[in-house]
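Below are the chains, spelled out letter by letter.
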Amino acid sequence: MAKLTVFYDYHEEGIVPILLSLRFRPNELDFSKNSLYVPLGAPFQQLNMEEINEFDAGITVLLEDLIVHPERPHAIGISLSSLKLRHAAHLEGLFDIQQLWLRMNDIEEVLQMEVRTLYPWSDSHKPLK
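The rules behind the values
- Residues numbered from 1 in each chain as written.
- Predicted model: local features only at pLDDT ≥ 70, side-chain atom pairs only at ≥ 80, totals over all residues.
- Heavy atoms only, no water.
- Helix = DSSP H or I, 4+ residues; strand = E, 2+ residues; numbered from the N terminus.
- Contact = heavy atoms within 4.5 Å.
- Areas by Shrake-Rupley, 256 points an atom, 1.4 Å probe, with all protein chains shown as cover.
- Salt bridge = Lys/Arg side-chain N within 4 Å of Asp/Glu carboxyl O.
- Buried < 20%, exposed > 50% of the residue type's maximum accessible area, 1.4 Å probe, protein only.
- Core = buried A, V, L, I, M, F, W, Y, C linked by side-chain atoms within 4.5 Å.

**Describing the overall build of the protein chain**
Now for step 1: Each helix and strand counted, the protein chain has three helices and eight strands in total.
Now for step 2: The order of helices and strands in the protein chain, counted from the N terminus, is β-β-β-β-β-β-β-α-α-β-α.
Now for step 3: Considering only contacts within the protein chain whose residues lie at least 6 apart along the sequence, 74% involve residues at least 24 apart.
Now for step 4: When the accessible surface of the protein chain is summed, it comes to about 7,900 Å², and 53% of that surface belongs to carbon and sulfur atoms.

Encoded structure:
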């Protein structure tokens, strides 16, 4: 399974999760499948927005790429077929992609719930190895 990282930034209400990154090992992201489901309660690494590596290429998962499955209430789905269609001009390069980016606002809108409570900022949170 992909390594899940949540990036945080400072807002009026404090430090809040903004971006979710899914990093895959080479050839782990299987674009031959139609969808991918990510458990929202999975262990995750916690970083500040300033810690995003400018060389971390990937695909941004848009709101319309997100799906919900009634039998997977604690997971967010990603339509890989939608990503393939949108990036058809670069289809050969898709298989080299190792990272997907999701906005927390989009996840909340699709799930119609506040998922930020699943990812509170914790100074004692230990990063994944």
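We are not done yet, so read on.
**Overview of the pattern of salt bridges**
Now for step 1: Here the structure, examined in full by the defined rule, presents three salt bridges.
Now for step 2: Here D65 makes a salt bridge to R86, at a shortest N to O gap of 2.7 Å. Of the two residues, D65 is situated in the loop between β5 (59-61) and β6 (66-67) and R86 in helix α1 (residues 80-86); the sequence distance between them amounts to 21 residues.
Now for step 3: Judged by its relative accessible area of 0%, D65 falls in the buried class.
Now for step 4: Given the relative accessible area of 35%, R86 is considered partly exposed.
Now for step 5: A salt bridge links D106 to R103; the nearest nitrogen and oxygen atoms lie 3.3 Å apart.
Now for step 6: Using a relative accessible area of 44% as the deciding quantity, one classes R103 as partly exposed.

**Focus on helix α3 (residues 104-111)**
Now for step 1: Within α3, burial applies to M104, D106, I107, E108 and L111.
Now for step 2: Among the structural elements, β2 (14-23), β5, β6, β7 (75-79) and β8 (99-103) are those in contact with the buried residues of α3.
Now for step 3: In the segment just after α3, Q112 is the residue with positive phi, at about 55°.

**Re unusual backbone geometry**
Now for step 1: Unusually for a residue other than glycine, N27 sits at a positive phi of about 65°.
Now for step 2: Inspection of the secondary structure puts N27 in the loop between β2 and β3 (35-39).

**Structural notes on the nonpolar core**
Now for step 1: Core analysis: the biggest nonpolar cluster contains 29 residues, and L22, I78, L100 and I107 have the highest contact counts within it.
Now for step 2: Among the secondary structure elements, those contributing two or more residues to this core are β1 (3-11), β2, β3, β5, β7, α1, β8 and α3.
Now for step 3: Filtering out sequence-adjacent residues up to four positions away, L22 remains in contact with A2, K3, L4, V38, I78, Q98, Q99, L100 and L102.

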